[in-house]
Amino acid sequence: MGQTYSSKTIDEIILEVQYELTNAENLPEAKAKNFQKIYDLLIRKKMILDFLKFNLVFIGEKGIGKTTSILRLFELIQNEKGLLSTAAGGTTVCEVVIQRSQNNKSYFEIIPEDEQLVHQYIEDYCASFQTEELTKALYVPNEIERFLRNMAGYKKVALEEKYGEFTSHEDFLQFFKAELNLENRKELIVDVAYNDEKSYFESSVKIFELINLGKVSTIPFPKKIIIHATPDVIDFDSYSFVNSIIDTRGIDSDGKNTDRFRREDILEYLDKRENESIYVVVDGFKPAPSSDISNLLKSRIRDKHHANKFYLLINVYNEEASEVMTDDGIAETASEGINYRKDNIISKFKHLGIPFSEDHILFYNSKKNEPINAEIISQINNNLLKERDAHILECEQAYEKFQKLKYDFENSEYANEKLLSLKEEIESKPDNSNVLATVLGTFISDKLRNVHPARLDAVNRYRGHYSAYNYYHYLALATEDAFNSLFEGSKKEVETKLSSILSLRNLSELERFEYELFLDDFINRFSSIRLEITELVKEAVIREFQPIFWEKATEQYGKGEWPEGNYRDAVFKYYREELIRILTKVDTQSLFINGWKGTLDI
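What comes next concerns the included structure. (Residues numbered from 1 in each chain as written. Predicted model: local features only at pLDDT ≥ 70, side-chain atom pairs only at ≥ 80, totals over all residues. Heavy atoms only, no water.)

What the protein contains, in helices and strands, is 22 helices and 13 strands. Taken over the C-alpha trace, the protein has a radius of gyration of 27 Å; the compact-globule value for 602 residues is 25 Å, and the two agree within 12%. For the protein, the spread of C-alpha atoms along the principal axes amounts to about 90 × 70 × 60 Å. Per-residue burial for the protein yields a buried fraction of 52% across its 602 residues. Considering only contacts within the protein whose residues lie at least 6 apart along the sequence, 80% involve residues at least 24 apart. A total accessible area of about 28100 Å² is found for the protein, and carbon and sulfur atoms account for 48% of it. The averaged location of the 102 negative side-chain charges in the protein is 2 Å from the averaged location of its 77 positive side-chain charges. (Helix = DSSP H or I, 4+ residues; strand = E, 2+ residues; numbered from the N terminus. Rg over C-alpha atoms; globule rule 2.2 N^0.38 Å. Buried < 20%, exposed > 50% of the residue type's maximum accessible area, 1.4 Å probe, protein only. Contact = heavy atoms within 4.5 Å. Areas by Shrake-Rupley, 256 points an atom, 1.4 Å probe, with all protein chains shown as cover. Lys, Arg positive; Asp, Glu negative; His and termini not counted. Charge placed at Lys NZ, Arg CZ, Asp CG, Glu CD.)

Here's what the structure looks like:
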């Protein structure tokens, strides 16, 4: 096929294409556009191929076995003691990152939580002593409650008794804050001593437990705990594709919140650290795939290539795999039960339109280490090697098409005309949609309507930046959902028509490449433009939302009667008024419509 990727580096190919784009005289417009598309594809592939090691990001509900799976998979258990604490649900206070130590000693690094957020935790926890209703509404996760109590040096019952000694809630709040001694908690590095065998593991286990429980008096409340580990703790050389292991904080079991897996810290990895990450989503055997996990995957996986960034790790407990009811009765073996469940999962993913690879569905009994951890690690590594080869092949094919275009061996004018016709047919379809109404309706009806009044009051008191329910984050999710609802149908129409064209047998190689390239660009642009619009709207509302509206909304709590009929509607009236002003100012109508048209750039 002439000069191939194997005889040139990707950097050399990129420079060659770039040279033709910038220096070729009288380059026809159609050819220039094709060169640009090839250049953009090669840049994307280079960004992917530049990463040889990845952050393995583990995501899962509390109590699903996420941390136990990490310990077993990476052999982080010695003498029956795990490096990370495990128990029934809500064990780890924050995200934990395990990475290779760069200075020949193991130690812990603390990334502090935002001070405003810590004070919210404190105030909400203290408010829970007032009434049971507030305990439910102003939710502080168990692991954070436990951390705060230990920071103050009190057991739960003793603190409840202490609360009874105070005549005012405010006095108790100030007492508790003083006991926490926040201003003197400045230490960000906790060193680890090694034992007689020069091993840091035993001491690391003890120190992590103390840090995680809040029993190290010198450290601040952590947003993230980074374990810098020496080879005796974890030998990263045994996991050639792993840069770090990330145990995200467990997701709360809140059946009413269908957005719980789209938590802000998790979307940070999914949306902004894609090339450097592999995502391991942990689920239970019986519910897999859980509906909220399916929703997460559907909202984030763009196509079959992107799906290879994700793994579904099914945690198998005890003998449940051999108790599956198959078409022929109860499974005779665990293997039979697993194969039956895998077929069901694949079928559900197909029904939901999620292009998930069978090789990326892993069944693992972390308690028994079955199959042995080496098999799971090997499967992930082999998949990465296959996917890397596929990316290299795409670069070879792109270079081949570039050569044919450059020397006019073929042209793709017909394909360009067909794509322009498709663009004209599709791009104007959603023009009549009321974007502002769709965003507001999604935000208020879908995201806020069922929020408890006490929690809504906290949202207002904290000017939207509330830890348990961040106003701006849920507005961003509503914006994303609104973009999907307005354009997803048209997006599928484009994909269907292009897939139909690609099924034709009389396409030239260059025409086929042109259509495939456009489809790949279109799918990637849809996601990137949606994210860009979502962040722009979120930043505008954070910047522009006037304090007077928060104050007006705060005044509504506890009034007893409202002209609008109820507390929520009274608050939503102020939200609508201010959001209409801001979203009109940023012209969300044009933002959405032009964004959609931008996905169809030919």
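Anyway, onward from the coordinates.
So, on to the nonpolar core. Counting residues in hydrophobic clusters, the biggest one holds 96 residues, and the most contacted among them are Leu448, Tyr471, Val541, Phe545 and Tyr575. Setting aside residues up to four positions removed in sequence, Tyr471 forms contacts with Phe443, Leu448, Val459, Gly464, Val541, Phe545, Trp550, Tyr575 and Leu579. (Core = buried A, V, L, I, M, F, W, Y, C linked by side-chain atoms within 4.5 Å.)

Our focus in this paragraph is the packing of helix α6 (residues 142–152) against helix α8 (residues 169–180). Running from N to C, α6 and α8 cross one another at 75°; their axes reach a closest spacing of 7 Å. It follows that α6 is roughly perpendicular to α8 by the angle criterion. Facing α6, whose interface residues are Leu148, Met151 and Ala152, α8 presents Phe176, Glu179 and Leu180. Grouping the amino acids of the contact of α6 with α8 by side-chain chemistry returns five nonpolar, no polar and one charged. (Axes fitted to C-alpha atoms, helices over the stretch in contact; angles between N-to-C directions. Parallel < 35°, antiparallel > 145°, perpendicular 65-115°, else oblique. Nonpolar A, V, L, I, M, F, W, Y, C, P; charged D, E, K, R; others polar.)

Once that is clear, we can look at helix α2 (residues 29–49). Between its terminal C-alpha atoms α2 stretches 30 Å, which fits the 30 Å expected from 21 residues at 1.5 Å a residue. Among all positions of α2, only Lys31, Asn34, Phe35, Lys37, Ile38, Tyr39, Leu41, Leu42, Lys45 and Leu49 are buried. (Expected span 1.5 Å × (residues − 1).)

Position of Ile122 relative to the elements: it lies in helix α4 (residues 115–127). Judged by relative accessible area, which is 0%, Ile122 ranks as buried. C-alpha of Ile122 to C-alpha of Glu145: the two residues are 23 residues apart in sequence and 8.5 Å apart in space. Setting aside its immediate chain neighbours within four residues, Ile122 contacts Leu148, Leu173, Phe176, Lys177, Leu180 and Leu182.

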